Amino acid sequence: MLAIGAHGTSIRTSSTCTALLRELEQIWNDIGETEVEKDRMLMELERECLEVYRRKVDEAANTKARFHQTVAAKEAELATLMAALGEHDIHSPIKMEKRSASLKQKLASITPLVEELKKKKDERLKQFEDVKTQIEKISGEIFGFHSVNNALSSTAVEDEHDLSLRRLNEYQTHLRTLQKEKSDRLQKVLQCVNEVHSLCSVLGLDFGQTVGDVHPSLHGTQVEQSTNISNSTLEGLEQAILKLKIERKTRIQKLKDVVSKLFELWNLMDSSKEERNCFMKITSIVGTSESEITERGVLSTEMIEKASAEVDRLAKLKASRMKELVFKKRSELEEICKLTHTEPDTSTTAEKASALIDSGLVDPSELLANIEAQIIKAKDEALSRKEVTDRIDKWFAACEEENWLDEYNQDDNRYCAGRGAHINLKRAERARITISKIPAMVDNLINKTLAWEDEKKTHFLYDGVRLVSILDDYKLARQQKEEDKRRHRDLKKMQDLLLNQKEAMYGSKPSPRKNNSFRKTNSYRANGNGSMPPTPRRNSLSGGTTSELLTPRSYSGRQNGYFKEMRRLSTAPLNFVAISKEDTMSYASLCGSEPDSPPQV
């Protein structure tokens, strides 16, 4: 009886009981109890111990039964959850532990599984509810917010006996199908709505009212409002787009008619750019396809009315401004011809045009068209002459550099140290290089001009004179100028020789102080501080200087001062009579004409 329990506990209980029995026997011996009395009391003690053991066994049996019941309930709940969730892999380890594990161990192992499956069931229920809610919402949007007679979507989620992944996947598959259909329909609706918005913007119509007539949800202001994407909505949008396109086509044709009249009146009356810019929106539709017209309000009724009013206004001004337009176009033609150095057509001069208009023999519109045709012809001719005229400009620039260098070389103070002197020296070096290229430049210009004449089968006229003739005369004049320079250098050598002979005879030299008094002013320096050289200037026709030879217009007027200068220099004899006044004065100073200069022996 005392051996019940674990081995260690049994040994400790036996030792304790033996010691207590010994102590009880000793007490009894001290009291003097008889053996019979001792046996009776030991039997009572043994009976009480049995009752205690029996009571404890009953309590343990009840506890075991409750544990059995709890474990069975948990196992049943676990089985139900597993069946509902479709789980089959959790039960196998429980069966393996069922044989060896105690009831507490079984309860401890199965309780967490049950709690976990409960949480999983709650999550699965939430997933089912979310999927069903989405299915009902999307179905309502697709089918126009009517009740959906669909077996799968109408299944009650309250039936919790089947919460398996298979069933959830069926719902999710159905949901994805509806989402795909919603996405396709929504894309179509958005495309239609965007197209309606674009058309309303171009036509100046109220977009909200247009789509609101199809369905209010297409222009709803509430965030929670769902967009209706049913078949009726799509059909309504397509019909609205068709009506708007018909209206757009009608307005485009009407506006094009108005714009054509505007262009005609603008060109006829030479309207300013500012006046045309006010109607830039509507003029941009000319030559543009319907699909490319996207600017806001360009086809609105207000814009068409504004353009029509402008046409009426210009039509009233047309009659009074025709003569003014003709004169203005003629001035434009003359300006183009002046810039390109060509001669304008004399049949449309201001005097002739005025006489023709006043007599009524010619329609002003026809005369204006004739002048515009002449302007186009003049611009085309200017474009064809551009390569030659560009070379003429380079030739002019080189000749101006030559004139500047001539003035620079005549200055006796050009080598004196001063502000800007080094700049003039550098410019002189560049001018010499440029001048050395003038002969080749002229030859190339002649070749280009002859090639142009061969191509166009006509002479290249520059201000009414053939350019080749100008260039040939320039070459002859340049050769004469070079010859005159050579003769002048020979003359200068003879003057120096005469001065040397005088010095040998009288032993005197010219006074530097007096020579400085005859220096020329520095005409090539910049005004003020002389730090920068001035831009070479081209003299006027009345100047008669060397630079005027380089202007074909002056050649055409026979006012070329360079030719006059060349003729003057060419007629000067190679003797001492041709010495300039300045040289004469210098020569006189060498002969001791100054009062304060002592004679040199």
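Residues numbered from 1 in each chain as written. Predicted model: local features only at pLDDT ≥ 70, side-chain atom pairs only at ≥ 80, totals over all residues. Heavy atoms only, no water.

(A) Geometry of the overall build of the chain. If you tally the helices and strands in the chain, you get 19 helices and two strands. Residues classed as buried in the chain amount to 32% of the 601 residues present. Residue pairs at least 24 apart in sequence account for 72% of intrachain contacts in the chain once pairs closer than 6 positions are excluded. Accessible area for the chain stands at about 37600 Å²; split by element, carbon and sulfur atoms hold 54% of it. (Helix = DSSP H or I, 4+ residues; strand = E, 2+ residues; numbered from the N terminus. Buried < 20%, exposed > 50% of the residue type's maximum accessible area, 1.4 Å probe, protein only. Contact = heavy atoms within 4.5 Å. Areas by Shrake-Rupley, 256 points an atom, 1.4 Å probe, with all protein chains shown as cover.)

(B) Up close: the environment of Val196. Structurally, Val196 is set in helix α5 (residues 165-203). Taking relative accessible area as the criterion, Val196 reaches 1% and is therefore assigned buried. Residues Val196 and Ile241, spaced 45 residues apart in sequence, show a C-alpha to C-alpha distance of 5.9 Å. If we ignore the near neighbours within four places in the chain, the residues touching Val196 are Phe207, Thr210, Val211, Ile241 and Leu244.

(C) Examining helix α6 (residues 207-214) more closely. Buried within α6 we find Phe207, Gly208, Thr210 and Val211. Projected down its long axis, α6 shows its buried positions confined to an angular sector of 165 degrees, all on one face. In α6, those exposed residues whose orientation departs by more than 90 degrees from the buried face are Gln209 and Asp213. Lining the buried residues of α6 we find α5 and α7 (231-269). Where α6 starts, the residue carrying a side-chain oxygen 3.2 Å from the main-chain nitrogen of Gly208 turns out to be Asp206. (Arc of directions from axis to C-beta. Polar contact = N/O pair within 3.5 Å; in protein donor to acceptor, adjacent residues only side chain to side chain.)

(D) Geometry of the nonpolar core. Leu255, Leu262, Ile282 and Leu299 are the most contacted members of the largest nonpolar core, which totals 71 residues. Going through the elements one at a time, α2 (35-85), α4 (103-142), α5, α6, α7, α10 (301-340), α11 (350-359) and α12 (364-409) are the ones with two or more residues in this core. The element that contributes the greatest number of residues to this core is α7, accounting for 13 residues. Among residues more than four places away in sequence, those in contact with Leu299 are Val202, Leu203, Arg248, Arg251, Ile252, Leu255, Ile293 and Ile304. (Core = buried A, V, L, I, M, F, W, Y, C linked by side-chain atoms within 4.5 Å.)

(E) Quick peek at the packing of aromatic side chains. Overall, the coordinates contain seven aromatic pairs when judged by the stated rule. Both rings, one in Trp404 and one in Tyr408, keep their centres 5.2 Å apart while their planes meet at 10 degrees; by these two values the pair is stacked. Placement of both Trp404 and Tyr408 in helix α12 is noted, with a separation of four residues, approximately one turn of the helix. In terms of burial, Trp404 and Tyr408 fall into one category: buried. When the ring centre of Phe460 is taken as origin, the NZ or CZ atom of Arg385, which lies over that ring, is 4.0 Å away. One Lys or Arg, Arg427, reaches over the ring of Trp404 and ends 4.2 Å from the middle of that ring. (Phe/Tyr/Trp six-rings, centres within 6.5 Å; stacked < 30°, edge-to-face > 60°. Lys NZ or Arg CZ within 6 Å of the ring centre and 35° of its normal.)

(F) Structural context of the layout of surface pockets. There is about 390 Å³ of room inside the second largest pocket. Sorting the residues of the lining of the second largest pocket by element identifies α10, α12 and α14 (438-456) as the ones contributing at least two each. A class-by-class count of the residues in the lining of the second largest pocket yields six nonpolar, six polar and six charged. (1 Å grid on protein atoms, 1.4 Å probe; cavity = no way out; pocket = protein on both sides within 12 Å on 5 of 7 lines; lining within 4 Å. Points joined across faces, edges and corners; volume = space filled by probe spheres on them. Nonpolar A, V, L, I, M, F, W, Y, C, P; charged D, E, K, R; others polar.)

(G) Looking closely at the pattern of salt bridges. Applying the stated rule across the entire model yields 28 salt bridges. Where salt bridges share partners, they join Glu402, Asp406, Arg478, Lys481 and Lys485 into one cluster. (Salt bridge = Lys/Arg side-chain N within 4 Å of Asp/Glu carboxyl O.)

(H) The arrangement of helix α13 (residues 421-436) in detail. Helix length check: α13, at 16 residues, gives a terminal C-alpha distance of 23 Å against a target of 22 Å (1.5 Å per residue), a fit within 8%. Here α13 has its buried residues at Ala421, Asn424, Arg427, Ala428, Ala431 and Ile435. Viewed end-on, α13 has its buried residues packed into an arc of 115 degrees, placing them on one side of the element. Those residues of α13 that are exposed and aimed more than 90 degrees away from the buried face are Lys426, Arg430, Ile433 and Ser436. (Expected span 1.5 Å × (residues − 1).)

(I) Main features of unusual backbone geometry. Positive phi, close to 60 degrees, is recorded for His341, a residue that is not glycine. Along the polypeptide, His341 turns up in the loop between α10 and α11. Of note in this structure, Lys457 is not a glycine but carries a positive phi near 60 degrees. Topologically, Lys457 is positioned in the loop between α14 and β1 (461-462).

(J) Inspection of the environment of Val258 at higher detail. Note that Val258 resides in helix α7. The spatial distance from the C-alpha of Val258 to the C-alpha of Glu310 is 9.4 Å, given a sequence separation of 52 residues.

(K) Layout of the packing of α12 against helix α15 (residues 467-506). One can describe the packing of α12 onto α15 by two numbers: an axis separation of 14 Å at closest approach and a directional angle of 20 degrees. Comparing the axis directions of α12 and α15 gives the class roughly parallel. In this structure, α12 crosses over α15, and the sense of that crossing is left-handed. Contacts between α12 and α15 involve Val388, Ile392, Trp395, Cys399, Glu402 and Asp406 from the former and Leu467, Leu471, Tyr474, Arg478, Lys481 and Lys485 from the latter. Within the contact of α12 with α15, the residues separate by chemical class into seven nonpolar, no polar and five charged. (Axes fitted to C-alpha atoms, helices over the stretch in contact; angles between N-to-C directions. Parallel < 35°, antiparallel > 145°, perpendicular 65-115°, else oblique. Left-handed = near helix turned anticlockwise from the far one by under 90°.)

(L) Local environment of the confidence of the model for the chain. Across the chain, pLDDT averages 75, with 75% of residues at or above 70. Mean pLDDT in the chain bottoms out at helix α18 (residues 561-571), which sits at 36, and peaks at α14, which reaches 90. Under a pLDDT of 50 for its full length, residues 512-551 has, in the predicted model, 91 contacts with residues more than four places off or in other chains. (pLDDT = per-residue confidence, 0-100.)

(M) Structural view of the packing of α5 against α7. Where α5 contacts α7, the two axes come as close as 10 Å, and the packing angle between them is 25 degrees. It follows that α5 is roughly parallel to α7 by the angle criterion. Crossing handedness for the pair α5 and α7: left-handed. Side by side, α5 and α7 meet where Arg185, Lys188, Val189, Cys192, Val193, Glu195, Val196, Leu199, Cys200 and Leu203 of the first sit next to Asn231, Leu234, Leu237, Ile241, Leu244, Lys245, Glu247, Arg248 and Arg251 of the second. Of the residues contributing to the contact of α5 with α7, the split by class is eleven nonpolar, one polar and seven charged.

(N) Representation of the environment of Ser232. Relative to the helices and strands, Ser232 resides in helix α7. Owing to a relative accessible area of 51%, Ser232 belongs among the exposed residues under this scheme. Taking the C-alpha atoms as reference points, Ser232 and His215, 17 residues apart in sequence, are found 9.1 Å from one another. At a separation of 3.0 Å, a polar atom in the side chain of Ser232 contacts the side chain of Ser230.

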